[in-house]
Amino acid sequence: SFRNFGLKVLSICIATLLWLVVAGERVVERVLRVPVELQNLPADLEIVSNPPDSVEVRVRGSSGTLSRMAPGDVATVLDLRAVRTGRRLFHLTPAQVNLPYGLEAVQVSPPTLTMEFETTGIRMVRVQPTVDGEPADGFVVVSVRSEPETVEVSGPEGALKQLKEAITEAIQIGDRTT
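Residues numbered from 1 in each chain as written. Predicted model: local features only at pLDDT ≥ 70, side-chain atom pairs only at ≥ 80, totals over all residues. Heavy atoms only, no water.

Caption draft 1: View of the environment of Ser-11. For Ser-11, the location among the structural elements is in helix α1 (residues 5-24). A polar atom in the side chain of Ser-11 sits 2.8 Å from the backbone oxygen of Lys-8. (Helix = DSSP H or I, 4+ residues; strand = E, 2+ residues; numbered from the N terminus. Polar contact = N/O pair within 3.5 Å; in protein donor to acceptor, adjacent residues only side chain to side chain.)

Spelled out as structure tokens, the structure:
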């Protein structure tokens, strides 16, 4: 039908123009430093190793899309929902990289991460106040005590076994008379 023929021709011209603009952009690859997001860590587990904060990701897409990308637009997501205690190996794949539309992750480096997990424990420990400085001439420190005397500490069970006391920040007593 020739009804609205002018609008039909105009829409075909606009679609062709858009296709030429998009098709004319070069496809490039760029290596980006991408943060690692750890999600769904079970409440009863602690990470005792130091996983890297970021990994390198080779990203492919149009040069225009890559140039408009902001640092917070990309993340490598690692789901820890099913993790158990001990040393664990995680394989990183391009599918775990969240990218803006029009971009594709090609490679993640390093391809594996090693992390160690321990059960979360709770322990009561004595508080040990730390004193810094010397009182005024003629005065001495008679005693040092804290209120409360003990605190509850939670963390990895291995670290809690070695913990004997909790220390405070240094309390300055330089030239004090009371």
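Caption draft 2: Summary view of the layout of surface pockets. When its volume is computed, the largest pocket comes out at roughly 290 Å³. As for the largest pocket, its lining consists of 13 residues, of which Val-140, Val-141, Ser-143, Ile-173 and Thr-178 are closest to the centre. The class makeup of the residues in the lining of the largest pocket is 9 nonpolar, 3 polar and 1 charged. (1 Å grid on protein atoms, 1.4 Å probe; cavity = no way out; pocket = protein on both sides within 12 Å on 5 of 7 lines; lining within 4 Å. Points joined across faces, edges and corners; volume = space filled by probe spheres on them. Nonpolar A, V, L, I, M, F, W, Y, C, P; charged D, E, K, R; others polar.)

Caption draft 3: Molecular detail of a nonpolar patch on the surface. Together, Leu-7, Leu-10, Ile-14 and Leu-18 line one region of the surface with nonpolar side chains, adding up to about 410 Å² of accessible area. Secondary-structure assignment places Leu-18 in helix α1. Residue classification places Leu-18 among the exposed positions, given a relative accessible area of 54%. (Patch = residues over 30% accessible without salt bridge, like charges linked within 9 Å, V, L, I, M, F, W, Y side chains within 5 Å. Areas by Shrake-Rupley, 256 points an atom, 1.4 Å probe, with all protein chains shown as cover. Salt bridge = Lys/Arg side-chain N within 4 Å of Asp/Glu carboxyl O. Buried < 20%, exposed > 50% of the residue type's maximum accessible area, 1.4 Å probe, protein only.)

Caption draft 4: Representation of unusual backbone geometry in the model. The amide bond that connects Ser-109 to the next residue, Pro-110, takes the cis arrangement and shows omega of 0°. Between Glu-147 and Pro-148 the backbone carries a cis peptide bond, its omega angle lying at 5°. When you line up the elements, Pro-148 lands in the loop between β8 (112-132) and β9 (150-156). The residue Asn-40 is not glycine, and still its phi comes out positive at about 60°.

Caption draft 5: Summary view of the packing of aromatic side chains. Summed over all chains, the structure comprises 1 aromatic pair. When the centroid spacing of 6.1 Å and the interplanar angle of 75° are considered together, the rings of Phe-90 and Phe-117 count as edge-to-face. Of this pair, Phe-90 sits in strand β5 (residues 86-91) while Phe-117 sits in strand β8, and the two are 27 residues apart along the sequence. Side by side, Phe-90 and Phe-117 carry an identical accessibility label, which is buried. (Phe/Tyr/Trp six-rings, centres within 6.5 Å; stacked < 30°, edge-to-face > 60°.)

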